[in-house]
Amino acid sequence: MKKALFLDRDGVVNVEKEYLYKREDFEFIDGIFDLCKHYQNLGYLIIIVTNQSGIARAYYTEEDFELLTDWMIQEFKKRNIDIAKVYHCPHHPDINIKCSCRKPEPGMILEAQKEFNLDLTHSLMIGDKERDIEAAINAGISETYLFDEINQIRSSKATKTVSKLDEIWK
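Conventions used here
Residues numbered from 1 in each chain as written. Predicted model: local features only at pLDDT ≥ 70, side-chain atom pairs only at ≥ 80, totals over all residues. Heavy atoms only, no water. Helix = DSSP H or I, 4+ residues; strand = E, 2+ residues; numbered from the N terminus. Contact = heavy atoms within 4.5 Å. Polar contact = N/O pair within 3.5 Å; in protein donor to acceptor, adjacent residues only side chain to side chain. Buried < 20%, exposed > 50% of the residue type's maximum accessible area, 1.4 Å probe, protein only. Pairing = 2+ DSSP bridges. Right-handed = clockwise from strand over helix to strand, strands pointing away. Phe/Tyr/Trp six-rings, centres within 6.5 Å; stacked < 30°, edge-to-face > 60°. Lys NZ or Arg CZ within 6 Å of the ring centre and 35° of its normal. Core = buried A, V, L, I, M, F, W, Y, C linked by side-chain atoms within 4.5 Å. Arc of directions from axis to C-beta.

## Re the environment of His92
Turning to step 1, where the next piece is worked out: Relative to the helices and strands, His92 resides in the loop between strand S3 (83–89) and helix H4 (107–116).
Turning to step 2, where the next piece is worked out: For His92 and Ile126, which are 34 residues apart along the polypeptide, the C-alpha to C-alpha distance reads 22 Å.
Turning to step 3, where the next piece is worked out: Those residues in contact with His92 that sit more than four places away from it in its chain are Ser53, Ala56, Arg57, Ile97 and Arg102.
Turning to step 4, where the next piece is worked out: Among the polar contacts listed, one links the side chain of His92 to the backbone nitrogen of Asp94, at a separation of 3.1 Å.

Here's what the structure looks like:
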């Protein structure tokens, strides 16, 4: 069985900006490429799991999301990093439907587990919100990291809270 590094997108891969869907607004987090390269070299698949309620809110379309995602994946490829897949939840329970994919539900992670035959007990998750950590725990991932650049989070169910991505692997 394979293992995976699961990443939330907004706030972990890129700087959090409200309802981001434009390439010109996309800014990679310092250290994300080194982190992914490290885990890729250890044999982990790199998988992104992201809530995208901006689609449900009609701030942007699925096509807008896919265009930005394709561009982002190419930026990783330029650095010899393969993103195995990006899973996204376009729902919001107050707008369209209550689903099993919106974090903290584990649906996206469980879908990846089936698609890639993953060993979740040896996989890990990095998120910037408690719902990312809860989704990982709900899926059976025990190694979790809460990325908090400004050190404002006081408690978390995460294995460790870090303010820099290199604190995870260095």
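## Some points on the pairing of strand S1 (residues 4–7)
Turning to step 1, where the next piece is worked out: Going residue by residue along S1, you find Ala4 and Phe6 tucked away on one face and Leu5 and Leu7 tucked away on the opposite face as well.
Turning to step 2, where the next piece is worked out: Where S1 and strand S2 (residues 45–51) come together, 4 bridges link them in parallel fashion. Note that in S2 the partner of Ala4 across the bridge is Leu45.
Turning to step 3, where the next piece is worked out: Taken together, S1, helix H1 (residues 32–41) and S2 constitute a β-α-β crossover, and its handedness is right-handed.

## Looking at the packing of aromatic side chains
Turning to step 1, where the next piece is worked out: This structure, assessed with the given rule, holds 9 aromatic pairs.
Turning to step 2, where the next piece is worked out: With 5.3 Å between their ring centres and 80 degrees between their planes, Phe26 and Trp71 make a pair best called edge-to-face. You can see Phe26 sitting in the loop between S1 and H1 and its partner Trp71 sitting in helix H3 (residues 62–77), a full 45 residues away along the chain. Each of the two residues, Phe26 as well as Trp71, counts as buried.
Turning to step 3, where the next piece is worked out: One aromatic cluster is present, built from ring pairs that chain together Phe26, Phe28, Phe33, Trp71 and Phe76.
Turning to step 4, where the next piece is worked out: Of note, Arg79 hangs over the ring of Phe33, and the distance from its end group to the ring centre comes to 4.0 Å.

## Digging into the nonpolar core
Turning to step 1, where the next piece is worked out: One finds Leu7, Ile32, Phe76 and Ile126 to be the most contacted residues of the largest nonpolar core, which totals 34 residues.
Turning to step 2, where the next piece is worked out: Those elements that provide at least two residues to this core are S1, H1, S2, H3, S3, strand S4 (124–127) and strand S5 (143–147).
Turning to step 3, where the next piece is worked out: Discounting chain neighbours no more than four positions away, the residues touching Ile32 are Leu7, Val12, Val13, Phe76 and Leu165.
Turning to step 4, where the next piece is worked out: Core analysis: the second largest hydrophobic core is formed by 19 residues, Phe6, Ile47, Ile109 and Ala112 among them.

## Let's talk about H1
Turning to step 1, where the next piece is worked out: Those residues of H1 that fall on the buried side of the exposure criterion are Ile32, Phe33, Leu35, Cys36 and Tyr39. Burial along H1 is one-sided: seen end-on, the buried residues are contained in an arc of 160 degrees. Turned more than 90 degrees away from the buried face of H1, the exposed residues are Asp34 and Asn41.
Turning to step 2, where the next piece is worked out: Following H1 by one or two positions, Gly43 adopts a phi angle in the positive range, close to 95 degrees.

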